[in-house]
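A look at the structure
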Amino acid sequence: YAEFHLHPEKPVVLSDPTASGRNFFMRQSAPEQESVEDSEERANILEEVALLKKYAEFHLHPGKPVVSSDSTSCGRNYFSRLSADEYLDAEEDKECDKILEEAAMLQKYAEFHLHPEKPVVLSDPTASGRNFF
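Here's what I pulled together on the structure shown here.

1. Regarding the overall build of the protein chain
Across its full length, the protein chain carries 3 helices and 0 strands. What you see in the protein chain, going N to C, is helices and strands ordered as α-α-α. Against the globule reference of 14 Å for 133 residues, the protein chain gives a C-alpha radius of gyration of 25 Å, more extended than a compact globule. When its C-alpha atoms are laid out on the principal axes, the protein chain stretches across 75 × 60 × 15 Å. Looking at the 133 residues of the protein chain, the share that counts as buried comes to 2%.

2. Section: the pattern of salt bridges
Scanning the entire structure with this criterion turns up 3 salt bridges. Glu-3 is the salt-bridge partner of Lys-10, the closest N and O atoms lying 2.5 Å from each other. Lys-118 is the partner of Glu-111 in a salt bridge, and the nearest nitrogen-oxygen pair spans 2.7 Å. Exposure remark for Lys-118: the relative accessible area of 44% places this residue in the partly exposed category.

3. Focus on a nonpolar patch on the surface
Side chains of Phe-24, Phe-25 and Met-26 sit close together on the surface and give an oily, nonpolar patch of about 420 Å² of accessible area. Looking at the secondary structure, you find Phe-25 in the loop between α1 (2–6) and α2 (36–60).

4. Some remarks on the environment of Glu-117
Within the fold, Glu-117 resides in the segment after α3 (90–114). Taking the C-alpha atoms as reference points, Glu-117 and Ser-68, 49 residues apart in sequence, are found 33 Å from one another.

Parameters and conventions
- Residues numbered from 1 in each chain as written.
- Predicted model: local features only at pLDDT ≥ 70, side-chain atom pairs only at ≥ 80, totals over all residues.
- Heavy atoms only, no water.
- Helix = DSSP H or I, 4+ residues; strand = E, 2+ residues; numbered from the N terminus.
- Rg over C-alpha atoms; globule rule 2.2 N^0.38 Å.
- Buried < 20%, exposed > 50% of the residue type's maximum accessible area, 1.4 Å probe, protein only.
- Salt bridge = Lys/Arg side-chain N within 4 Å of Asp/Glu carboxyl O.
- Patch = residues over 30% accessible without salt bridge, like charges linked within 9 Å, V, L, I, M, F, W, Y side chains within 5 Å.
- Areas by Shrake-Rupley, 256 points an atom, 1.4 Å probe, with all protein chains shown as cover.

Okay, structure coming up:
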């Protein structure tokens, strides 16, 4: 069921030949044409949905590069600026390694939540689990 929520654009596959659905817009009692206000409202809603989809993709795939059409936009790299420290001392280096290790672990757990349909891989042959359902 998690895949249904993660990918709602996928088509529905049914094994029951008697299953059917009713299209709200193709029914006999549906109005032939919509009013100008309704069509403008529909266009506004579709624009907003496209923006929401764009921003949802930012959160779903944070690793994608940022694309900008503004030629005047710029960013400052904290690590390559002229006033940046040249070298880290041993204590800062250990702290940096610890932070990167924790970030890798957090990324691993984030992937568990992002893709719940993936199988669980264990390295312990004595591990077991009980299906609650």
